[in-house]
Amino acid sequence: MLERYQSFKESSVYLNNPIYRIQEKMKKHMQDSGYYEKAIPLMRKFSPAYNDYYEELLAANQKLIDKNI
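First, a word on what this report is: a plain description of the structure on this page.

Thresholds, definitions, all that
Position labels on residues start from 1 in each chain and follow its written sequence. Since the coordinates come from a predicted model, pLDDT governs what is reported: local features require at least 70, and pairs of side-chain atoms require 80 or more to be given and counted, while whole-chain, interface and lining totals use all residues. With hydrogens and water stripped out, all remaining heavy atoms of the structure feed into the side-chain values. Between Lys or Arg on one side and Asp or Glu on the other, a salt bridge is scored when a side-chain nitrogen of the former is within 4 Å of a carboxyl oxygen of the latter. Helix and strand labels come from DSSP, where a helix needs a run of H or I of at least four residues and a strand needs a run of E of at least two; each type is numbered from the N terminus.

Thoughts on the pattern of salt bridges
Inspection of the entire model under this criterion finds three salt bridges. The partner of Lys28 in a salt bridge is Asp32, and the shortest N-O contact between them spans 2.7 Å. You can see Lys28 and its partner Asp32 sitting in helix H3 (residues 18-33), four residues apart, about one turn around the helix. With its nearest N and O atoms 3.7 Å apart, the salt bridge here joins Arg44 to Glu55. Of this pair, Arg44 sits in helix H4 (residues 35-46) while Glu55 sits in helix H5 (residues 48-67), and the two are eleven residues apart along the sequence.

Topic: the environment of Leu42
Structurally, the position occupied by Leu42 is in helix H4. With 26 residues separating them in the primary sequence, Leu42 and Asn68 have C-alpha atoms 31 Å apart.

What follows is the structure in structure tokens.
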């Protein structure tokens, strides 16, 4: 399932979709505004539930990297 998802994310159908362009603009805005460096650490500090979610997300991402997907 993950391989199919990765294949879709690399497809012209996805890359030429307006949703992809919106996501890229949002990502750039969040990077430029310091969201990832400032807001995420604050949310992790003030919300144990968000911190748990964030740590699980990091672990899942590492599994994907380890599988070389």
